[in-house]
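# Structure at a glance
Here are the chains, one letter per residue:
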Amino acid sequence: MTNEVQHVFREMVPGYALDALEAEEKRRFEKHLRGCGECQGLLEEYRATADGLLLSLPPRLPPSRVRARLIASLASARPAPSASRPHRWPVGQLASGLALALLLALNLWTAAQLRDVKRQQALLQEQLRSSQTALALQANPQARTLTVSGERASGSLVLNPQQNTGVLFAWGLEPLDTSSTYQAWLIRPDGSRVSAGLFRPEPNQDLASLVIVADSPLSDFVALGVTIEPQGGSPAPTGRRVLETEF
Amino acid sequence: MLQSRKYPAGGRCPRGGESIRAIIHAALQGQASVSTIPDGTLIEYVARGDESALLDLYDRHAGRVYALALRMLGDGMAAEEITQDVFFKLWTHAPSYLASRGEFAVWLLSIARHAALDRLRSENRRPVLWDAEDPEALWDDLPAGETNPEETRWRSLYFALQALPPEQRQVLELAYYHGMSHGQIAQYLGWPVGTVKTRLRLGMERLRLQWLAGENPEPKSESA
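Remember, it's a predicted structure, so these values are computed and weren't measured experimentally.

With that settled, the discussion passes to the overall build of chain A. When its secondary structure is counted, chain A shows six helices and eight strands. Traced from its N-terminal end to its C-terminal end, chain A shows the element sequence α-α-α-α-α-α-β-β-β-β-β-β-β-β. Here chain A holds 247 residues, and the buried ones make up 46% of them. In chain A, of all internal contacts separated by at least 6 residues, the share reaching a separation of at least 24 is 58%. As displayed, chain A has an accessible area near 12,500 Å², and 51% of this comes from carbon and sulfur atoms.

A word on the overall build of chain B. Helix and strand content of chain B: nine helices and zero strands. Counted from the first residue to the last, chain B has its helices and strands arranged as α-α-α-α-α-α-α-α-α. Of all 224 residues assigned to chain B, the portion counted as buried reaches 49%. Considering only contacts in chain B between residues 6 or more positions apart, those separated by 24 or more positions represent 61%. Accessible surface for chain B amounts to roughly 10,500 Å². Of this, 51% is attributable to carbon and sulfur atoms.

Residue and element names in this part refer to chain B. At their nearest, the axes of helix 5 (residues 104-122) and helix 7 (residues 166-178) sit 9 Å apart, and the two run at 95° to each other. As summarised for this structure, helix 5 and helix 7 are arranged roughly perpendicular, according to the angle between their axes. Note on element contacts: helix 7 touches helix 5 through Ala 175, Tyr 176, Tyr 177 and His 178, opposite Arg 113, Leu 117 and Leu 120. Across the contact of helix 5 with helix 7, the residue classes tally to five nonpolar, one polar and one charged.

This paragraph deals with the packing of aromatic side chains. Applying the stated criterion to the full structure yields seven aromatic pairs over all chains. Aromatic side chains Phe 169 of chain A and Trp 171 of chain A sit 6.4 Å apart centroid to centroid with 35° between the ring planes, which places their arrangement in the tilted category. Judged by its relative accessible area of 15%, Phe 169 of chain A is buried. In this structure Trp 171 of chain A comes out as partly exposed when scored by relative accessible area, which is 37%. A centroid spacing of 5.5 Å and a plane angle of 70° characterise the contact between Tyr 176 of chain B and Tyr 177 of chain B, whose relative ring orientation is edge-to-face. Tyr 176 of chain B sits in the buried class, given a relative accessible area of 4%. The exposure class of Tyr 177 of chain B is buried, given its relative accessible area of 2%. If you follow Arg 199 of chain B out to its NZ or CZ, it ends over the ring of Trp 191 of chain B, 4.6 Å from the centre.

Take the pairing of strand 3 (residues 165-171) of chain A next. Moving residue by residue along a regular strand, the side chains alternate between the two faces of the sheet. Extensive coverage of strand 3 of chain A is indicated by the burial of six of its seven residues. Between the end of strand 2 (residues 154-159) of chain A and the start of strand 3 of chain A, which pair antiparallel, lie five residues.

We now examine the pattern of salt bridges. Summed over the entire model, instances satisfying the criterion amount to 18 salt bridges over all chains. In this structure, Glu 80 of chain B and Arg 69 of chain A form a salt bridge, with 3.5 Å as the shortest nitrogen-oxygen distance. Here Glu 80 of chain B, found in helix 4 (residues 76-100), pairs with Arg 69 of chain A, found in helix 4 (residues 64-77), and the two come from separate chains. For Glu 80 of chain B, a relative accessible area of 4% puts it in the buried group. Arg 69 of chain A gets classed as partly exposed once you look at its relative accessible area, which sits at 37%. Residues participating in the shared-partner salt-bridge network are Glu 45 of chain A together with Glu 205 and Arg 208 of chain B.

Looking now at the nonpolar core. Within the largest apolar cluster, 83 residues are counted, with the highest numbers of intra-cluster contacts made by Leu 90 and Leu 207 of chain B. The contact partners of Leu 90 of chain B, leaving out residues within four places of it in the chain, are Ile 43, Val 46, Leu 54, Leu 57, Phe 104, Trp 107 and Leu 108 of chain B.

On to helix 6 (residues 151-163) of chain B, then. It helps to recall that an α-helix has 3.6 residues per turn; residues three or four apart then point in one direction. Compared with an ideal rise of 1.5 Å per residue, which puts 13 residues at 18 Å, helix 6 of chain B spans 18 Å between its outermost C-alpha atoms and is within 8% of the ideal. For helix 6 of chain B, the complete set of buried residues consists of Glu 151, Trp 154, Ser 156, Leu 157, Tyr 158, Ala 160, Leu 161 and Gln 162 of chain B. Buried residues along helix 6 of chain B sit in contact with helix 3 (37-56) of chain A together with helix 3 (51-73), helix 7 and helix 9 (193-213) of chain B.

We now examine the packing of helix 1 (residues 3-17) of chain A against helix 9 of chain B. With their axes 9 Å apart at the nearest point, helix 1 of chain A and helix 9 of chain B run at an angle of 80° to one another. Relative to helix 9 of chain B, the element helix 1 of chain A is oriented roughly perpendicular. Contact residues: helix 1 of chain A offers Glu 11, Pro 14 and Gly 15 of chain A, while helix 9 of chain B offers Leu 200, Arg 201 and Met 204 of chain B.

Here the focus is unusual backbone geometry. In this structure, Asp 19 of chain A takes a positive phi of about 55° despite not being glycine. Following the sequence through the fold, Asp 19 of chain A ends up in the loop between helix 1 and helix 2 (23-34).

Turning to the environment of Met 12 of chain A, a few remarks are in order. Residues and elements named next belong to chain A. As for its position among the elements, Met 12 is in helix 1. A residue is classified by how much of its surface remains accessible, and Met 12, at 7% relative accessible area, is buried. Along the backbone, Met 12 and Phe 29 are 17 residues apart, and their C-alpha atoms lie at a distance of 7.4 Å. Contacts of Met 12, omitting those with residues within four sequence positions, involve Leu 21, Glu 25 and Phe 29.

Let us now look at the confidence of the model for chain A. All names here are of chain A. Summarising the model, chain A shows a mean pLDDT of 78, and 72% of its residues fall at 70 or more. For chain A, per-element mean pLDDT is lowest for helix 5 (residues 91-106), which scores 51, and highest for strand 7 (residues 223-230), which scores 94. This model gives residues 79-94 a pLDDT under 50, and the stretch forms 20 contacts once residues within four places in sequence are excluded. Every residue in residues 104-111 is under pLDDT 50, and counting partners more than four places away or in other chains gives 16 contacts.

Calculation rules
Residues numbered from 1 in each chain as written. Chains lettered and ligands numbered in written order. Predicted model: local features only at pLDDT ≥ 70, side-chain atom pairs only at ≥ 80, totals over all residues. Heavy atoms only, no water. Helix = DSSP H or I, 4+ residues; strand = E, 2+ residues; numbered from the N terminus. Buried < 20%, exposed > 50% of the residue type's maximum accessible area, 1.4 Å probe, protein only. Contact = heavy atoms within 4.5 Å. Areas by Shrake-Rupley, 256 points an atom, 1.4 Å probe, with all protein chains shown as cover. Axes fitted to C-alpha atoms, helices over the stretch in contact; angles between N-to-C directions. Parallel < 35°, antiparallel > 145°, perpendicular 65-115°, else oblique. Nonpolar A, V, L, I, M, F, W, Y, C, P; charged D, E, K, R; others polar. Phe/Tyr/Trp six-rings, centres within 6.5 Å; stacked < 30°, edge-to-face > 60°. Lys NZ or Arg CZ within 6 Å of the ring centre and 35° of its normal. Pairing = 2+ DSSP bridges. Salt bridge = Lys/Arg side-chain N within 4 Å of Asp/Glu carboxyl O. Core = buried A, V, L, I, M, F, W, Y, C linked by side-chain atoms within 4.5 Å. Expected span 1.5 Å × (residues − 1). pLDDT = per-residue confidence, 0-100.

Okay, structure coming up:
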């Protein structure tokens, strides 16, 4: 690359940091950026400056009604324990909020990085659902936490027997190739199994989690098991059992 | 003064007890409030459903969020709504901050800036060109407990922006606070695009040097 061309791209860095480039310019710049350490370094400095601009405005106290309205809105956002109403999660809202937060935090500008975001987003989304469900369940005095055991793996199942929702956490599950998946099963008193969902641990993550939503209260079942099944799941357990717990 | 802590309805919140311990500890130490708990710890409490931790973060950061929203929207009611929305988002999305880390205030204000930009675009609002002197600025009147050493740096950047030649400052403000591209700024101000690009670049270069130096600016006159 000639010095002149490099000079042109270097001049685009501040505009890029402020997101002021037109679409075509932005595309050309991003293509250049991938391979240019100098521009990447410069960009970090301009981004830090732009972040500084965010913080540079003198603070102004908002009217006290804003705080009061916020408090009122929090009350309606708290999950309310209920015997019969199933939990519904605003997945769409969570997804866009997470995507935004990740984009902001990771400063993602290339297609390759965006693909990574989508994968992480799906993982975080599931973990967020799991942890929020678990929190909601734990706040209920009727919640129970059961130990789930296996040969190599172990875990916990948080549930409210009166409700049809629970969260399974599992540690130490071996990673699976793409042709297999873990499948959870709820077991009825008569021994019949009902699928409770599919899940896979992410590579490099020791913890896997699954939100279980059954068609009837969990007190209708007597046990939970996890088996290895072909990708896409099975109508009934066929593979090796790796985790189990009795209610 | 001890604030009353509320917990999610329906029973105990075991991890929320840690923030109660922090208050008691602080009270025993003779401190007036718990505003010395770092942002990162407070947001962990928020992620666990501790409403009072969210309000601590509000008391600490709402002034900046409101100032940014007001600067971008020029409208008190809209700025109030954005401020409320941003902290509500914090309540529902706290775990996503924990996943990303980084400077909390920057993360929060980025959310606020995006929320304000969305609103600007959806309502097709006209940009508000701010005067250099803002008589209601509160730089001398910060809430007690603000002892962030970065404050001086931010303040210097603010003055550096004000000290830019007006044509550079205008371009920067339209780009940053109104999300405009070079072309849109050119159209809005009636200038050639090349002029806009140059002025934005020169203005940002000056601010970048100021930011890196972290000291008070020495304004230079410069034609662009």
